[in-house]
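Spelled out, the chains give:
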Amino acid sequence: MDTQQKLIDLVKEFDNAMLVTRSNDRTLDARPMAIAEVEEGGQIWFVTDRNSGKVADLMLDVEVAVTMQSGHKFVSISGTAEAVDDRAKLNELWKEAWKVWFPEGKASQAIVLLRIEPLHGQYWDNSGLQGVSYLIKAGKAYLQGERPKTDEATNAYVPL
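Note that the structure is predicted; figures quoted are calculated from it, not measured. (Residues numbered from 1 in each chain as written. Predicted model: local features only at pLDDT ≥ 70, side-chain atom pairs only at ≥ 80, totals over all residues. Heavy atoms only, no water.)

**Quick look at the overall build of the protein**
The following threshold applies: Labels follow the DSSP assignment, with helices taken as runs of H or I lasting at least four residues and strands as runs of E lasting at least two, numbered in each case from the N terminus. Only heavy atoms matter for contacts: two residues are in contact if any of them lie within 4.5 Å across the pair. Residues counted as positive are Lys and Arg, residues counted as negative are Asp and Glu, and His and the chain ends are not counted. For charged residues, the charge sits on one atom: NZ in Lys, CZ in Arg, CG in Asp, CD in Glu.
Looking only at helices and strands, the protein features four helices and seven strands. Sequence-ordered secondary structure for the protein, helices as α and strands as β, is α-β-β-β-α-β-β-α-β-α-β. Along the first, second and third principal axes, the C-alpha set of the protein runs to 60 × 35 × 25 Å. A separation threshold of at least 6 residues defines the contact pool for the protein, and within that pool the share at least 24 residues apart is 67%. In the protein, 18 positive and 24 negative side-chain charges are present, and the distance between their average locations comes to 3 Å.

**A look at the environment of methionine 18**
Stated formally: The cut-offs for exposure are 20% and 50% of the maximum accessible area for each residue type, with area from a 1.4 Å probe on protein chains only; residues under the lower value are buried, those over the upper are exposed, and the others partly exposed.
On the secondary structure map, methionine 18 appears in strand S1 (residues 16–22). Under the relative-accessibility criterion, methionine 18 is labelled partly exposed at 31%. As for methionine 18 and methionine 68, which are separated by 50 residues in sequence, their C-alpha atoms are 6.5 Å apart.

**So, the nonpolar core**
Filter applied, for reference: Side-chain atoms within 4.5 Å link the members of a nonpolar core, which is a set of buried Ala, Val, Leu, Ile, Met, Phe, Trp, Tyr and Cys residues.
One finds Phe46, Val66, Met68 and Val75 to be the most contacted residues of the largest nonpolar core, which totals 26 residues. Those residues within four positions of phenylalanine 46 in sequence are excluded, and the remaining contacts are Ala17, Leu19, Met33, Ala34, Ile35, Ala36, Val66, Val112, Leu113, Leu114 and Ile116. Counting eleven residues, the second-largest nonpolar core is a separate cluster that includes Ala36, Trp45, Leu93 and Ile111.

**Looking at the packing of aromatic side chains**
Note the threshold: Any two of the Phe, Tyr and Trp rings considered here, Trp counted by its six-membered ring, make a pair once their centres fall within 6.5 Å; the pair's planes then place it as stacked at under 30 degrees, edge-to-face at over 60, or tilted in between.
Inspection of every chain in the model, using the stated rule, returns one aromatic pair. On the basis of an interplanar angle of 85° and a centroid distance of 5.6 Å, the ring pair of tryptophan 94 and tryptophan 98 is categorised as edge-to-face. Of the two residues, tryptophan 94 and tryptophan 98, both sit in the buried class.

**Brief notes about unusual backbone geometry**
Of note in this structure, arginine 26 is not a glycine but carries a positive phi near 75°. Along the chain, the position of arginine 26 falls in the loop between S1 and strand S2 (28–38).

**With respect to helix H1 (residues 3–12)**
Inclusion rule: Whenever two N or O atoms come within 3.5 Å, that pair is a polar contact, provided that in protein one can donate a hydrogen and the other can accept it, and provided that, for residues adjacent in sequence, both atoms are side-chain atoms.
Listing the buried residues of H1 in full gives Thr3, Lys6, Leu7, Ile8, Leu10 and Val11. One side-chain oxygen of the residue at the start of H1 lies 3.2 Å from the amide nitrogen of glutamine 4, identifying that residue as aspartate 2.

Following this line, the structure appears as structure tokens:
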């Protein structure tokens, strides 16, 4: 099984994620973000305000975590983030719904892109038949006083 492709495919299923940055007092801050794009190599793009706290955080520490959860699917990505001022890329990614945060539209000078370069990730996919299979394994393990075993279809740590 190609766990790297499975991880990227799972990320592409999500519209939103939590972006975790480290603030100037070294605490972790998590913020919900709309995912603008997920590239084939796993890079994740967000759109944000250049004057936001997350952009200030990235000036001090570029390491981030991105987490996603929906139903029986869980994904975590660790990597680095970079603020990118690229109007051509913004035009390519622009969604009209973002006018809620940027009333001037894509012409707003406040907009900056965030590009996440993933280093590694992990997924748990207990959906569909994999979920049923895991429940059966978990039930057997419970009755035998053991931990259930997972396979790469359900859970994997993936270097990117």
